[in-house]
Amino acid sequence: GSSSTCSQCQHVNVQITGPMWIDPLFDSEVLKQLMDHLTENKDSYNSYSRLFGFLTTMSTELHEPLLYSVSRLSKILHCNVPPITQFKAAFLNAGYEISSSHTDANSIKTNAPNDFIWDVFRAWIKLNPIKTPNENSPAFRLLSVEQK
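Residues numbered from 1 in each chain as written. Predicted model: local features only at pLDDT ≥ 70, side-chain atom pairs only at ≥ 80, totals over all residues. Heavy atoms only, no water.

A. Seen up close, the packing of aromatic side chains. Counting across every chain of the model gives 6 aromatic pairs. Here Phe-87 and Phe-91 contribute two aromatic rings whose centre-to-centre distance is 5.1 Å and whose plane-to-plane angle is 50°, an arrangement assigned as tilted. Here Phe-87 and its partner Phe-91 are both found in helix H4 (residues 84–93), 4 residues apart, which amounts to about one turn of the helix. With respect to burial, Phe-87 and Phe-91 carry one shared label: buried. Ring geometry for Tyr-96 and Phe-116: centres 4.8 Å apart, planes at 50°, overall tilted. Of this pair, Tyr-96 sits in the loop between H4 and strand S4 (98–101) while Phe-116 sits in helix H5 (residues 114–127), placing them 20 residues apart in sequence. Taking the relative accessible area as the measure of exposure, Tyr-96 reaches 26% and is therefore partly exposed. Here the aromatic residues Phe-87, Phe-91, Tyr-96, Phe-116, Trp-118 and Phe-121 are joined through ring pairs into a cluster of three or more. (Phe/Tyr/Trp six-rings, centres within 6.5 Å; stacked < 30°, edge-to-face > 60°. Helix = DSSP H or I, 4+ residues; strand = E, 2+ residues; numbered from the N terminus. Buried < 20%, exposed > 50% of the residue type's maximum accessible area, 1.4 Å probe, protein only.)

B. The arrangement of the nonpolar core in detail. By size, the foremost hydrophobic cluster in this structure holds 21 residues, and its most contacted members are Leu-77, Phe-87, Phe-91, Ile-108 and Phe-121. Of all the secondary-structure elements, those providing two or more residues to this core are helix H3 (70–77), H4, H5 and helix H6 (138–144). With 7 residues, the single largest contributor to this core is H5. If we skip the residues at most four places from it in the chain, Leu-77 touches Trp-118, Phe-121, Ile-125, Ile-130, Ala-139, Leu-142 and Leu-143. Within the second largest apolar cluster, 7 residues are counted, among which are Phe-26, Tyr-48, Leu-55 and Met-58. (Core = buried A, V, L, I, M, F, W, Y, C linked by side-chain atoms within 4.5 Å. Contact = heavy atoms within 4.5 Å.)

C. Geometry of the pairing of strand S5 (residues 104–110). Relative to S5, strand S3 (residues 68–69) runs antiparallel, the two sharing 2 bridges. Note that in S5 the partner of Ser-69 across the bridge is Ser-107. Adjacent in sequence and paired antiparallel, S4 and S5 are bridged by 2 residues. (Pairing = 2+ DSSP bridges.)

D. Spotlight on the sheet that holds S4. Spatial strand order, S3-S5-S4: 3 strands in an open sheet with antiparallel pairing. Lying at the two open borders of the sheet, with one neighbouring strand each, are S3 and S4. In this sheet, S5 lies alongside S4 in antiparallel orientation, the contact comprising 4 bridges. Bridged to Ser-100 within S5 is Ile-108.

E. Fine view of the packing of helix H1 (residues 28–40) against helix H2 (residues 48–60). Put simply, H1 and H2 touch, their axes get as near as 10 Å, and they point 160° apart. Taken together, H1 and H2 sit at an angle that is classed as roughly antiparallel. In this structure, the crossing between H1 and H2 has a hand that is left-handed. On H2, the residues touching Leu-31, Leu-34, Met-35, Leu-38 and Thr-39 of H1 are Tyr-48, Leu-51, Phe-52, Leu-55, Thr-56, Met-58 and Ser-59. Of the residues that constitute the contact of H1 with H2, the class distribution is 9 nonpolar, 3 polar and no charged. (Axes fitted to C-alpha atoms, helices over the stretch in contact; angles between N-to-C directions. Parallel < 35°, antiparallel > 145°, perpendicular 65-115°, else oblique. Left-handed = near helix turned anticlockwise from the far one by under 90°. Nonpolar A, V, L, I, M, F, W, Y, C, P; charged D, E, K, R; others polar.)

This is the structure we're talking about:
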């Protein structure tokens, strides 16, 4: 990986690592065929509901390369995890696309820029105040940025 300065919190020596897959993770047509097969043969699968739900999540997942863990970002800011439906609504209301990830229900994929993601957290914290973070922490620097 390479080192850099974080554009959001100005922390130095941020490690950017990979690999990062930038092509679609799955073929939409294959997913549709699998879902059709499951539906036509649902009595043959004890785990039909779970499998169909998983494939549905995959079929609605954005083909964005980055995945954001809402609980991990919350941990950085030392705040409660916002309800995922409220969190997603903020993106949709601002005109961005957002989806869940098939790998983690509390992770998102979005076409929103990083500064918007942090703005959503800043708004959440205004409604759900936290103890003032240590001045040397990323949380303090992130929360010191003016919301756009």
